[in-house]
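Spelled out from the first residue to the last, the chains are:
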Amino acid sequence: MGTNPYERVTAAVAAINDVLNAMNVLVWDARVNMPASGARARAEQSATLTTLAQERLLAPSLADDVAASRAELGADATLVQARTLDAVEEAIAYHRGLPPELTARLARAKGTAQQAWVEARRADDFAGFAPHLQHMLEIKREVAERTAPELPLYDALLAEYEPGVRASDLTTLFETLKATLVPLVAEIREARAPRTDLLRRHYDVDRQRAFALEIARRFGYDTERGRLDVAPHPFEISFATGDVRITTRYDERWLAQSMFATWHEAGHGIYEQYADPAHARGALSSDLIGLYAVSGTSYGTHESQSRLWENLVGRSRTFWDAHYGALVDVFPDALADIDVETFHRAINAVTPSCIRVEADELTYHLHIMLRFELEHALLDGSLKVRDLPGAWNEAMVSYLGVRPPDDRLGVLQDLHWSVGLVGAFPTYTIGTVMASQFYAAALRDDVAILPELTAGTYGRLHGWLHEHVYRHARLYRAGELLERSTGRGLDPSDYLTYVKEKYGALYGL
Ligand code: ZN
C-alpha cells in the first residue's frame, strides 16, 4: 500500500482494474470456448466479480483517500492525477446512487430478459419478450433517476456510454445526416445496382484468415500482443495493453464478412494496444461507472477507431488499388475474371434491408435513427411496448422503404435492449462521424499520409492516431479529443463530404 493518499487511491484502483480484467477473461472465454452448459456458473462468477469491484469502489477508505488527495495535491495535481480523482469520484457517486437491491434486480433482469429474447427471436414471438422489455425499461428509468436526477431520462442513460453528449445534440446530428442520406439513398435506388455475386464464390477459410490478418498487422494490430479467434458475434476485448484479443467469423461463401469484421475488430484492438502503458491498471484504463476494463474513451470513440480502419481505409478505392492484386493471388479461382473496379463496387453496394448489422455505410444510420426515436418514445411513455412492433415496421417503411416480413427481421433482431443497453445505439453513428473527422484531420496535418496509403503502407496514419487518440486512453473525453485533434467538436461535415464524394462516384450520380 502507498504511503500517501494518492498512492493509496491508485493502489485501490489497480486492484479494481485487476478484477475487471479478470472478468474480461471470463467474458472472452464464454464467447469463444465455453460449452453452453457452463453459462449458468459463468453468470454467477461474473456477478461475484462485479460485486467485488463495486464493493472495493464503495469502500469508505477510498472516498476518504480521494478527498485527502485533493486536499494534499491542490492546484499542483498533474492532469493525470486530477482526471484520475475525477473518474474515481464520479464512479463512487454513481454507484452510491444505486441501492444494492437495484443492482441485483438489474443483473437478474439482464439474465432473464436476454434468455427471453433468444427464445422470442427463435419463435418470432414478440409478445413473449414484451413483459421483459417493459420490466427492463422500468429498471433503466429507475437507474437514470437515481444516478443522474438532474438530467432528462434519455440523457442520463446516454451518459453511461457517451459522457457529455445530450439527446438534443443527437436530434440535431440526425436531422443533418437525414437531410443528405435519405435523398442520397433514394437516388442510389434508382441507379444501376452493382453486381455482388462475386463475393459469394468459394473462398477458402484459411486463406481468408491469412489475408485479413496480414492487412490487420499492416494497420498496426500487434499479433505478438494479441490473437485472433473465431466467435459467432465478432468482438474485441482487452486484458492489458500486452494482451488484446480480437475475433471474427468465417463463411467460405461470403468473403466480405470475415475480412471486414477482422479489420473492424483490429481497429478496436489497436486502440487498446497503443494506450500509454503509464495508464496500465489505472482509473484512465477502466470504465469505473460501467465496471468494464477498457482503455478507449467512450463507446463512440472506440467505434470511430474500428470504423476508420474498416471503412475509410478498408473499403476505399485507394486501399484496393494497392492490395487487390494480392487478394487475386490468394483467390485466383474466384477473382481472376474480376477487375478492381467491379470488386470495389461490390464491397460498397448500398442496399436498404431489414438487418442493421448487415447494412452498408449509408443506410446503417437510418437503422440507428429509428432505434433512437423508438427508445425515446418508449422511455417517455408516448409509445407502449405492445405497440412497438407496429411502430418499428412503420418506421422501417418510412426510413428505408422496406417492411420486415416478421419480428425476427424487425424489432427482435438486436440483443441490446434485453441486456439493458438502452441509449447505446447512437454511439455507433457518433463513432462513424468521429472516424471521418479524425481521418480528415490526419490527412490535413500530415500530407505524407496519402502517398503512403497509395503505396499500401499505414505507419504514418497509425502514427497520427497514436499521437492524437490511442496513447491518451481515457485521459480526455470524446469531445476533448476531437477539439484537440481536429479543432472542432462532433461535426458531421467531414462524413457527409466523404459519402457524397464516394457514393456519387460509385453510382455515377
Ligand atoms: Zn465495433
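Residues numbered from 1 in each chain as written. Predicted model: local features only at pLDDT ≥ 70, side-chain atom pairs only at ≥ 80, totals over all residues. Heavy atoms only, no water.

> Honestly, the layout of surface pockets in this entry has me stumped. Any pointers?
Rolled over the atoms, a probe with the dimensions of a water molecule shows which regions are left empty. Its boundaries defined by the atoms lining it, the second largest pocket holds a volume of some 460 Å³. In this structure, the second largest pocket is lined by 20 residues; those nearest its centre are Leu312, Tyr439, Tyr498, Glu501 and Lys502. Taken together, the elements giving at least two residues each to the lining of the second largest pocket come down to helix H11 (299–313), helix H12 (317–330), helix H17 (426–445), helix H18 (449–454) and helix H21 (493–507). Counting residues per element, the lining of the second largest pocket draws most heavily on H21, which supplies six residues. Looking at the lining of the second largest pocket residue by residue, the class counts come to 11 nonpolar, five polar and four charged. (1 Å grid on protein atoms, 1.4 Å probe; cavity = no way out; pocket = protein on both sides within 12 Å on 5 of 7 lines; lining within 4 Å. Points joined across faces, edges and corners; volume = space filled by probe spheres on them. Helix = DSSP H or I, 4+ residues; strand = E, 2+ residues; numbered from the N terminus. Nonpolar A, V, L, I, M, F, W, Y, C, P; charged D, E, K, R; others polar.)

> What should I look at first to understand the coordination of the zinc ion in this one?
Note on metal geometry: ideal angles are 109.5 degrees for four donors arranged tetrahedrally and 90 or 180 degrees for six donors arranged octahedrally. Distances from the zinc ion to its protein donors, namely His264 (NE2), His268 (NE2) and Glu303 (OE), fall within the range 2.1 to 2.3 Å. Expressed as a motif, the donor residue spacing for the zinc ion is H-x3-H-x34-E. A residue pair is termed long-range when its members are at least 10 positions apart, and His264 in helix H10 (residues 255–273) and Glu303 in helix H11 qualify at 39 residues. Glu303 shares its class with His264; the two are buried. (Donors = N, O, S within 2.8 Å, 3.2 Å for Na, K, Ca; no water. Buried < 20%, exposed > 50% of the residue type's maximum accessible area, 1.4 Å probe, protein only.)

> Help me out: how do you make sense of the pairing of strand S3 (residues 243–248) in this one?
Every regular strand shows the same layout, with side chains that alternate between the two sheet faces. Where burial is concerned, most of S3 is hidden: five out of the six residues are buried. Bridge analysis of strand S1 (residues 226–230) against S3 gives five bridges, and the strand direction is parallel. Along S3, the bridge assignment pairs Arg227 with Arg245. Here four bridges tie strand S2 (residues 236–240) to S3, and the two strands are oriented antiparallel to one another. Of the residues in S3, the one forming a bridge with Ala240 is Asp243. Hairpin connection from S2 to S3: two residues lie between these consecutive antiparallel strands. (Pairing = 2+ DSSP bridges.)

> For this particular structure, what's the right way to read the sheet that holds S2?
One key point about sheets: their strands pair by backbone hydrogen bonds, in either a parallel or an antiparallel sense. An order of S1-S3-S2 is seen for the three strands of this open sheet, with the pairing classed as mixed. Each of the sheet's edge strands pairs with one partner strand only, and the pair in question is S1 and S2. Taken over all neighbouring pairs, the strand axes of this sheet differ in orientation by 20° on average, direction set aside. The strands touched by helix H1 (residues 5–32) within the sheet are S1, S2 and S3, with S2 carrying the most contacts at an inclination of about 145°. (Axes fitted to C-alpha atoms, helices over the stretch in contact; angles between N-to-C directions. Contact = heavy atoms within 4.5 Å.)

> Can you walk me through the environment of Thr342 in this structure?
Relative to the helices and strands, Thr342 is located in helix H14 (residues 340–347). In contact with Thr342, other than residues within four places in its own chain, are Arg195 and Leu198.

> What is the right way to read the side chain of Thr301 from this model?
Take Thr301: it is sitting in helix H11. Side-chain polar atoms of Thr301 contact the side chain of Ser298, separated by 2.8 Å. Leave out the neighbours within four places in its chain, and Thr301 touches Glu162, Tyr271, Met434, Val469, Ala478 and Leu481. (Polar contact = N/O pair within 3.5 Å; in protein donor to acceptor, adjacent residues only side chain to side chain.)

> Looking at this structure, how should I read H21?
Side chains three or four residues apart in an α-helix point the same way, a direct result of the helix having 3.6 residues per turn. Under the 1.5 Å per step criterion, the end-to-end length of H21 is 21 Å for 15 residues, consistent within 8% with the ideal 21 Å. Within the span of H21, buried status applies to Asp494, Tyr495, Leu496, Tyr498, Val499, Lys502, Tyr503, Gly504, Leu506 and Tyr507. In this structure, the buried side of H21 is in contact with helix H8 (167–190), H11, H14, helix H15 (364–379) and H17. (Expected span 1.5 Å × (residues − 1).)

> I would appreciate a short explanation of the pattern of salt bridges in the present structure.
A side chain with one charge can pair with a side chain of the opposite charge if their charged atoms come near. Applying the stated criterion to the full structure yields 32 salt bridges. Linking Arg217 and Glu214 is a salt bridge whose minimum nitrogen-to-oxygen distance equals 3.5 Å. Of this pair, Arg217 and Glu214 both sit in helix H9 (residues 205–219), three residues apart, roughly one helical turn. Relative accessible area serves as the criterion here: at 39%, Arg217 is assigned to the partly exposed category. By relative accessible area, Glu214 is classed as partly exposed at 36%. Its salt-bridge partner being Arg408, residue Asp406 comes within 3.4 Å of it at the nearest N-O pair. Since its relative accessible area comes to 18%, Asp406 is described here as buried. Here the salt bridges share partners, and the residues they tie into one network are Glu101, Arg105, Glu142 and Arg146. (Salt bridge = Lys/Arg side-chain N within 4 Å of Asp/Glu carboxyl O.)

> Explain unusual backbone geometry to me, please; I cannot follow it from the model alone.
Residues other than glycine predominantly adopt negative phi, and peptide bonds predominantly adopt the trans conformation. At Arg281, a position not held by glycine, the phi torsion is positive, near 65°. What makes Arg281 partly exposed here is its relative accessible area of 43%. Phi at Ala473 takes a positive value of approximately 45°, unusual for a residue other than glycine. One can find Ala473 in the loop between helix H19 (459–468) and helix H20 (478–486). Residue class for Ala473 comes out buried when judged on its relative accessible area of 1%.

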